[in-house]
Amino acid sequence: MSFAGYDLIVVGSGFFGLTIAERAATQLDKRVLVLDRRDHIGGNAYSEAEPETGIEVHRYGAHLFHTSNKRVWDYVNQFTDFTDYQHRVFTRHDGQIYSFPMNLGLLCQFFGRAFSPDEAKALVAEQAAEIETSDAQNLEEKAISLIGRPLYEAFVKGYTAKQWQTDPKELPAANIARLPVRYNFNNRYFNDTYEGLPVDGYTAWLEKMAEHDNIDVRLDTDYFTVRDQIPQGTPVVYTGPLDQYFDYADGELGWRTLDFESEVVHTEDYQGTPVLNYADREVPYTRIHEFRHFHPERDYPKDKTVIVREYSRFAESGDEPYYPINTSDDRAKLEAYRQRAKAEAKDRKVIFGGRLGTYKYLDMHMAIGSALSMFDNKIAPYFTEGRSLDGSMED
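Rules and cut-offs
- Residues numbered from 1 in each chain as written.
- Predicted model: local features only at pLDDT ≥ 70, side-chain atom pairs only at ≥ 80, totals over all residues.
- Heavy atoms only, no water.
- Helix = DSSP H or I, 4+ residues; strand = E, 2+ residues; numbered from the N terminus.
- Rg over C-alpha atoms; globule rule 2.2 N^0.38 Å.
- Buried < 20%, exposed > 50% of the residue type's maximum accessible area, 1.4 Å probe, protein only.
- Contact = heavy atoms within 4.5 Å.
- Lys, Arg positive; Asp, Glu negative; His and termini not counted.
- Charge placed at Lys NZ, Arg CZ, Asp CG, Glu CD.
- UniProt positions renumbered as here; feature names shortened; annotations may be inferred.
- Pairing = 2+ DSSP bridges.
- Axes fitted to C-alpha atoms, helices over the stretch in contact; angles between N-to-C directions.
- Core = buried A, V, L, I, M, F, W, Y, C linked by side-chain atoms within 4.5 Å.
- Domains from an automatic or database assignment.
- Expected span 1.5 Å × (residues − 1).

### Overview of the overall build of the chain
Helices and strands together make up the secondary structure of the chain, namely 12 helices and 16 strands. Relative to a compact globule of 395 residues, whose C-alpha radius of gyration would be 21 Å, the chain shows 23 Å and is just as compact. Overall, the chain is about 70 × 55 × 35 Å in size when its C-alpha atoms are taken along their principal axes. The buried share of the chain, reckoned over its 395 residues, is 54%. By sequence separation, contacts in the chain at least 24 residues apart represent 72% of the contacts at least 6 residues apart. A gap of 3 Å separates the mean positions of the 44 positive and 64 negative side-chain charges of the chain.

And the structure:
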């Protein structure tokens, strides 16, 4: 495999990596090589048609695009049009379905009476007064101090236990910053200015980002098996796991992962909504996705639908990492890795980005925004001003 002639190597073809590659190719006229160990482009945003039904499924869990960042919105609209989809979630508890996030509709239904907004606020405040937030010693106490025990036990306790495989009494209070309750009937999941789904799907969007003549993509290529072949001095943007890059020198960082169980059901509509959460502990999965509902404008089969059950657990070595656990031990390791990363940028022209490369959970719009900032502040100055990738002037 030849790496000659490339100005920049990008490791990973998710949104972060492809944004860097696209900007370098189109704005700086640089030749970029994108490497990905998987057999497809796009990282966890990859989508594909389920073969029996033709329904577009997000292989690594539902991806919903939303942002209030106009720069990001204008940027992504170069590559795809968006539908007018607005995400709404429902949750199942004790044989009943409630709208979610917690709002006035849920409160009226759960407590069995009609509340005005002020009455609902007063009720939640009264129930939350059981524990002072400043006194909370664990996640359970923190949640009760925010929304009260009845709402916590119905909608948070079981769901959280399934997500973390841990009793909420054993989880740190800091794991939840807030638990929003809306005192109106707004049941939109996101509050962002812009929201929608790519008209032709995520894979078509991602492929459009990579189609420039200056960009080559090599799939089924593990960076760690070829990095010794990359010419010395070629800059690299690395979006893989931060700890893996340094051969776990400071220990493995902790992640949660997801497992998915897909099923074709012989009915036109299984649950009536794209995502249904299951709050009860005795149901092993956290939610069910029914992907036909993400694109009601499409002509999908009338006699079949695809559902995907989602399970959450701690990631083990070799699992696909999704969400940073971010314990105090993780944060100590992360600081050590950040120091190594700074030195790597200066000494070897390798910089780290994306969800895995920074050990941060980044929504798609955040990954794109972060990549645009990296391009502006590091990549472009490196090529146009002779700056080092760590931001200083080259000797």
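### Brief notes about the UniProt feature "domain: UDP-galactopyranose mutase C-terminal" (unreviewed entry) in the chain
Under the UniProt annotation, "domain: UDP-galactopyranose mutase C-terminal" (unreviewed entry) lies at residues 154-361. Helix makes up 25% of residues 154-361 and strand 21%, whereas the separation of the span's terminal C-alpha atoms amounts to 27 Å.

### Some details on the sheet that holds strand S16 (residues 350-352)
Ordered by their spatial adjacency, 5 strands build an open sheet running S9-S2-S1-S10-S16, and the pairing between neighbours is parallel. The sheet terminates laterally at strand S9 (215-218) and S16, the two strands that pair on one side only. Averaged over neighbouring strand pairs, the angle between their axes works out to 20° when direction is ignored. Here helix H12 (residues 364-385) sits on the sheet in contact with strand S1 (8-11), strand S10 (236-238) and S16, set at roughly 170° to S16.

### Quick notes on the nonpolar core
Membership of the largest hydrophobic core comes to 104 residues, with the highest contact counts inside it found for Ile20, Phe65 and Trp205. Examining the composition of this core, we find that 9 residues originate from one element, H12, more than from any other. Both domains that meet at this core, namely domain 1 (8-82 + 195-251 + 325-385) and domain 2 (99-176), each give it at least three residues. Formed by 7 residues, the second largest nonpolar core is a distinct cluster that contains Val265, Val283, Tyr285 and Ile307.

### Regarding helix H1 (residues 15-27)
The end-to-end C-alpha separation of H1 is 17 Å, in line with the 18 Å expected for 13 residues at 1.5 Å each. For H1, the buried fraction is high: 11 of the 13 residues fall into the buried class. Among all positions in H1, only Phe15, Phe16, Gly17, Leu18, Thr19, Ile20, Ala21, Glu22, Arg23, Ala24 and Ala25 are buried. Where H1 ends, the next residue or the one after it, Asp29, has phi of about 55°, a positive value.

### Details of the sheet that holds strand S7 (residues 96-100)
Pairing is mixed across the open sheet formed by 7 strands, whose spatial order is S7-S6-S12-S13-S14-S11-S15. Because the sheet does not close on itself, it has two edges, and the strands there are S7 and strand S15 (323-324). Here 10 bridges tie strand S11 (residues 255-265) to strand S14 (residues 305-314), and the two strands are oriented antiparallel to one another. Residue Thr257 lies in a different strand from S14, and its bridge partner there is Arg313. Against the sheet, helix H3 (residues 104-111) touches strand S6 (89-93) and S7, its axis set at about 155° to S7. Taken strand by strand, helix H6 (residues 149-164) contacts S6, S7, S11, strand S12 (275-278), strand S13 (287-290) and S14, and its axis lies near 75° from that of S14.

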